[in-house]
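# Coordinate analysis (summary)
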Amino acid sequence: MKKILFLLIMTVFVFSGCERNPAGALMYNGVNNSDPSSWANPFIIYRNGDIMTRVLPMDDAIGAFTNIWEKYRQDGNVLEARYTGVSHSGFMSFKMKWTGQPSERYDTGATANNVAFWLTTSTGTSKDLSAAGYTKMSFWYKSELASGTEVVINVFGHDYPARDFVITGSSGWTLCQLNISSYSSNAVENYIIVTMQPVSPATSCNGGTIYLDDIRLSK
């Protein structure tokens, strides 16, 4: 799989008050991973246009496995981390739009009839989050999906064939809260993986759009 280059120039803002990830939390060098008090609660992964995973360079915070966002962007396929005009917490959200057309995998060059992106914990390696004590992953989503299309969201390192949360159809802003207390946390590679695909894998679909906001971990 290949990390995707950002399609937008991103500016990272730091939130104040309870929404701030304090210095020393999670992604900074020198964190004492054995001390639970050094981990932010809640830890804001994404909010109102800001990716706060602390993965640098910022390009490496987002991953994808096909060239849909580069080669077929002109057809209406969009992966935009700072989409303006639709938001739960402010005025921006994370937008993924797919027309349903196939694209090519980075690893094998084979044709894929689904698309996905993920927010990673670190560059090239997994992250030990076992001392943090997080028990819940939550996020807000808004969906506009064509018939026969689904969005599968896996969290905290879960990957295919896991189906932690499945979205079909269309909805206004909706809160999803997932219990991750039983998930393995000593080698987490991704906070969240978002896959859009046909409900029946062997068929095609017309895709759709999903918006995400307020992605966070809490204890």
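Look a little higher up for the structure.
Quick notes on the rules
Residues numbered from 1 in each chain as written. Predicted model: local features only at pLDDT ≥ 70, side-chain atom pairs only at ≥ 80, totals over all residues. Heavy atoms only, no water. Helix = DSSP H or I, 4+ residues; strand = E, 2+ residues; numbered from the N terminus. Contact = heavy atoms within 4.5 Å. Areas by Shrake-Rupley, 256 points an atom, 1.4 Å probe, with all protein chains shown as cover. Salt bridge = Lys/Arg side-chain N within 4 Å of Asp/Glu carboxyl O. Buried < 20%, exposed > 50% of the residue type's maximum accessible area, 1.4 Å probe, protein only. Phe/Tyr/Trp six-rings, centres within 6.5 Å; stacked < 30°, edge-to-face > 60°. Core = buried A, V, L, I, M, F, W, Y, C linked by side-chain atoms within 4.5 Å. Pairing = 2+ DSSP bridges.

Let's shift gears to the overall build of the chain. Each helix and strand in the chain was counted, giving 1 helix and 15 strands. The long-range fraction of contacts in the chain, counting pairs at least 24 apart against all pairs at least 6 apart in sequence, stands at 76%. By element, 50% of the accessible surface of the chain is carried by carbon and sulfur atoms, the whole surface being about 9,700 Å².

Per the counting criterion, the structure on display carries 4 salt bridges. Put simply, Arg-47 and Asp-214 hold a salt bridge, and the shortest N to O gap is 3.5 Å. Taken as a pair, Arg-47 in strand S2 (residues 43-47) and Asp-214 in strand S15 (residues 208-218) lie far apart in primary sequence, 167 residues in all. Each member of the pair, Arg-47 together with Asp-214, is buried.

Here we take up the packing of aromatic side chains. Counted by the stated rule, this structure contains 7 aromatic pairs. Centroid distance Phe-94 to Phe-117: 4.5 Å. Interplanar angle 5°. Geometry classified as stacked. Of this pair, Phe-94 sits in strand S6 (residues 92-98) while Phe-117 sits in strand S9 (residues 115-120), and the two are 23 residues apart along the sequence.

Another point: the nonpolar core. In globular proteins that are soluble, nonpolar side chains generally tend to be buried together. If you look at the biggest cluster of nonpolar residues, it comprises 48 residues, and the most contacted ones within it are Phe-94, Phe-139, Ile-153, Val-155, Ile-210 and Leu-212. In this structure Phe-94 touches Tyr-46, Ile-51, Ile-62, Leu-79, Glu-80, Ala-81, Phe-117, Leu-119, Ile-210, Tyr-211 and Leu-212, once residues within four positions along its chain are discounted. Residues Phe-65, Ala-112, Ala-116 and Ile-193 belong to the second largest nonpolar core, which totals 5 residues.

Below, the discussion takes up the pairing of strand S10 (residues 136-145). Relative to strand S13 (residues 170-179), S10 is paired through 8 bridges, and the arrangement is antiparallel. Each bridged residue has a counterpart across the sheet, and for Glu-144 the counterpart in S13 is Ser-170. Looking at chain direction, S10 and S15 are connected through 9 bridges and run antiparallel. Note on S15: the bridge partner recorded for Glu-144 is Thr-209.

Turning to the environment of Gly-100, a few remarks are in order. Tracing the sequence through the fold places Gly-100 in the loop between S6 and strand S7 (103-104). Separated by 107 residues in sequence, Gly-100 and Gly-207 place their C-alpha atoms 4.3 Å apart.

As a further point, take the environment of Met-196. Summarising the element assignment, Met-196 is placed in strand S14 (residues 190-198). Counting along the chain gives 14 residues from Met-196 to Ile-210, while the straight-line C-alpha distance between them is 8.9 Å. If sequence neighbours within four positions are ignored, Met-196 has contacts with Met-96, Trp-98, Asn-114, Val-115, Leu-145, Thr-149, Glu-150, Val-151, Gly-207, Gly-208, Thr-209 and Ile-210.

Turning our attention to the side chain of Thr-209. Position of Thr-209 among the secondary structure elements: in strand S15. Its relative accessible area of 6% is what places Thr-209 among the buried residues. The residues touching Thr-209, leaving out its near neighbours within four places in the chain, are Lys-95, Met-96, Lys-97, Lys-142, Ser-143, Glu-144, Leu-145 and Met-196.

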